[in-house]
Amino acid sequence: MYRSHNCGELNASHINTEVTLAGWVQKSRDKGFMNWVDLRDRYGVTQLIFDESRSNKTVFELAKTLGREFVIQVKGTVIEREAKNATMITGDIEILVTEMRILNTALTPPFTIEDETDGGEDIRMKYRYLDIRRNPVKNNLLFRHKVAMEVRKYLSDLDFCEVETPYLIKSTPEGARDFVVPSRMNEGQFYALPQSPQTFKQLLMVGGMDKYFQIVKCFRDEDLRADRQPEFTQIDCEMAFVEQEDILNVFEGLTRHLLKEIKGIEVEKFPRITYDYAMKTYGNDKPDIRFGMEFCPLTPEGGTFEPKGFPVFDDSEIVLAINVENCAQYTRKQLDELTDWVKRPQIGAKGLIYVRYNEDGTLKSSVDKFFNEEVLKVWAEKCKSKPGDLILILSGETNKTRTQLSALRMELASRLGLRNPAEFAPLWVVDFPLLELDEESGRWHAMHHPFTSPKPEDMHLLATHPGKVRANAYDMVLNGNEIGGGSIRIHDKATQQLMFNYLGFTPEQAENQFGFLMNAFQYGAPPHGGLAFGLDRLVAILGGQETIRDFIAFPKNNSGRDIMIDAPSIIDETQLNELHIKLDR
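Presented here is a report on the structure given in the accompanying data block.

1. Looking at the overall build of the protein
Point 1. When you go through the protein residue by residue, the secondary structure sums to 15 helices and 22 strands.
Point 2. Overall, the protein is about 90 × 75 × 55 Å in size when its C-alpha atoms are taken along their principal axes.
Point 3. Residues counted as buried form 48% of the 585 residues belonging to the protein.
Point 4. Counting contacts in the protein only where the partners sit at least 6 residues apart, residues at least 24 apart contribute 66% of the total.
Point 5. Surface accessibility of the protein: about 29300 Å² in total, with carbon and sulfur atoms responsible for 50%.

Listed below in structure tokens is the structure:
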């Protein structure tokens, strides 16, 4: 037996107990006649004491040879610690060591394995197995485990059944690019790694499984952005004989359960807003509602800006404002810095207009040359501003201006400390468009995926106004992040064929790609729908962070590389020949 106890459980009640511990040397302090060693394992740290007068001489001398991260086993007696440490669970005791065995020596680590480390991100990713020994990373992984277990418990208690689906599947043209896997036994043919188990979970509903879930790896060969991983984990769910309301209720319940069990927070029924409202009010479909700053249109709906005379507004489709409370004191330097921020290529605004609502009730703007105070008062009334507030205005083409103002809103919230990670504000966004037009190709694409059901009352618009058809789709948003999304699915062959037609599939293409699914629909497919949560993102937000990499055991970097194992990498010519692949190298 390597250990009778772990390094995080001993306390004053164990005094005079003989124990065996094993772990890593966190640090040691040699005082000549006495040596202290902090022994660490996953559960905590226990102080060991080697005393020249009380310890075996061989053991005492061996303790002087220990280096950081040596793996050791010790036997000894729990004794009361003279200088107690209230910050440690084991701070009342220490172990007077009588026997010790070095299980493995260790090189000096390339960074300090402590909560506050001197290691940069790249070096810590290269030596991730060492980084995992640090409390912040270790605790994130334990936190992820806790969330996953609560998910499994909640869904299992509702009679959901966890079913594994294949990883080697067929490539499909919709959505992001697939990772492909060549087949050695089928020359010239390829599997794809799943972007989601979408069609398989629908087939499980046809198979009568009724309630399915799976915590599953998914893969997308996308251009990487910050905090995006080529492989990620979903809580994938599907239910039969349900309508949208049933699904919203179940997964609203799951989210409430997680917030209560994991964070100790009670959340009432989640707000529901439409996609159209989200875009008009916040400029994006995943709004952060922990704070205000809703959009205030200064142009009337479908009208033009009045009064005329300011070309920047006259030539714009829309003029939008946000009210920033208690910021009228912003200096000209601060306002110029904000202007430069929105003019960056990533945002793309041409400029920023401001109106200060001074504490004395006067209004001062950057466009006083064009608008008198009466006009400014009208703007302030529309924005529900009060003395001490700051109004910021952007104008231009409708969709671009909304996107730009949305980015400014989030940036200001971060600067003003309004995005409190300990506060949780979930909501549903519903009634998404079924289709969106790709301006380059002129083709319609499914906003979610081609298996999403249209709203029955909008079906008649498919032939004439496809852009106005709403989907039976919904996203769950938490603190400005989409953490889950899903839809009611199409469950009959005729409607599915119609959808493929509108998406530009020929009958042959539809049959080749998805014939198995449409055939299954002919054998009694029930009405069904589902949802998938992004586990990585959900765990990060519940953990008070937005960086998913910190909650993944072995993540890729921003280039999609695993720098620890050096992947992807070149493979041997023999393997390429077996796969019938010829490369020019």
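Read on for the rest.
2. Quick notes on unusual backbone geometry
Point 1. The omega torsion across Ala567 and Pro568 is 5°, close enough to zero to call that bond cis.
Point 2. Along the polypeptide, Pro568 turns up in the loop between helix H14 (535-542) and helix H15 (573-578).
Point 3. Although it is not a glycine, Asp210 adopts a positive phi angle of roughly 75°.
Point 4. Here Asp210 lies in the loop between helix H5 (198-206) and strand E9 (211-219).
Point 5. Its identity is not glycine, yet Asn479 carries a phi of approximately 55°, on the positive side.
Point 6. Relative accessible area serves as the criterion here: at 2%, Asn479 is assigned to the buried category.

3. Things to note about the packing of aromatic side chains
Point 1. For the coordinates displayed, the defined rule picks out 18 aromatic pairs.
Point 2. The rings of Phe310, Phe313, Phe370, Phe371 and Trp379 are connected pair by pair, giving a single aromatic cluster.

4. Notes on the pairing of strand E17 (residues 426-430)
Point 1. With respect to burial, E17 is a largely interior element, five of its five residues being buried.
Point 2. The alternating pattern of E17 places Pro426, Trp428 and Val430 on one face and Leu427 and Val429 on the opposite face, and all of these are buried.
Point 3. Strand direction decides the pairing type here: strand E11 (residues 272-274) and E17, joined by three bridges, are parallel. Bridge assignment links Arg272 to a residue of E17, and that residue is Trp428.
Point 4. Relative to strand E20 (residues 473-478), E17 runs antiparallel, the two sharing five bridges. Across the sheet, Val430 pairs through a bridge with Tyr474, a residue of E20.

5. A few points about the side chain of Arg134
Point 1. Within the element layout of this structure, Arg134 appears in the loop between helix H3 (128-131) and helix H4 (135-157).
Point 2. Once residues within four sequence positions are removed from consideration, Arg134 is found in contact with Phe111, Thr112, Ile113, Glu114, Asp115, Thr117 and Arg124.

6. Brief notes about the nonpolar core
Generally speaking, nonpolar side chains in soluble globular proteins are found buried as a group.
Point 1. Val147, Leu155, Ile235, Phe251 and Trp428 are the most contacted members of the largest nonpolar core, which has 42 residues in total.
Point 2. With eight residues, the top contributor of residues to this core is helix H6 (residues 244-263).
Point 3. Sequence-distant contacts of Ile235, that is, excluding residues within four places in its chain, are made with Val151, Leu155, Gln214, Ile215, Leu531, Ala532, Phe533, Leu535 and Leu538.
Point 4. Counting 29 residues, the second largest nonpolar core, distinct from the first, contains Tyr282, Leu461, Ala473 and Phe521.

7. Focus on the sheet that holds strand E6 (residues 161-162)
Point 1. Read from one edge to the other, the open sheet built from eight strands follows the order E6-E9-E10-E22-E21-E20-E17-E11, with strand pairing classed as mixed. Unpaired on one side and paired on the other, E6 and E11 mark the two borders of the sheet.
Point 2. In this fold H5 packs onto E9, strand E10 (231-240) and strand E22 (528-534), with an angle of close to 25° to the strand it touches most, E10.

8. Section: the state of the cysteines
Linking two cysteines covalently via their sulfur atoms produces the bond known as a disulfide.
Point 1. Applying the stated criterion across every chain yields a total of zero disulfides.
Point 2. In this model Cys237 remains outside any disulfide bridge; the closest cysteine sulfur is found in Cys218, 12 Å from its own.
Point 3. Accessibility expressed as a relative area gives 0% for Cys237, which makes it buried.

9. Describing the environment of Tyr43
Point 1. Inspection of the secondary structure assignment puts Tyr43 in the loop between strand E2 (34-41) and strand E3 (44-51).
Point 2. Between the alpha carbons of Tyr43 and Asn135 there is a distance of 9.7 Å; along the sequence they are 92 residues apart.
Point 3. Setting aside anything within four residues of it in sequence, one finds Tyr43 in contact with Arg3, Asn6 and Gly8.

Cut-off values and rules
- Residues numbered from 1 in each chain as written.
- Predicted model: local features only at pLDDT ≥ 70, side-chain atom pairs only at ≥ 80, totals over all residues.
- Heavy atoms only, no water.
- Helix = DSSP H or I, 4+ residues; strand = E, 2+ residues; numbered from the N terminus.
- Buried < 20%, exposed > 50% of the residue type's maximum accessible area, 1.4 Å probe, protein only.
- Contact = heavy atoms within 4.5 Å.
- Areas by Shrake-Rupley, 256 points an atom, 1.4 Å probe, with all protein chains shown as cover.
- Phe/Tyr/Trp six-rings, centres within 6.5 Å; stacked < 30°, edge-to-face > 60°.
- Pairing = 2+ DSSP bridges.
- Core = buried A, V, L, I, M, F, W, Y, C linked by side-chain atoms within 4.5 Å.
- Axes fitted to C-alpha atoms, helices over the stretch in contact; angles between N-to-C directions.
- Disulfide = S-S within 2.5 Å.

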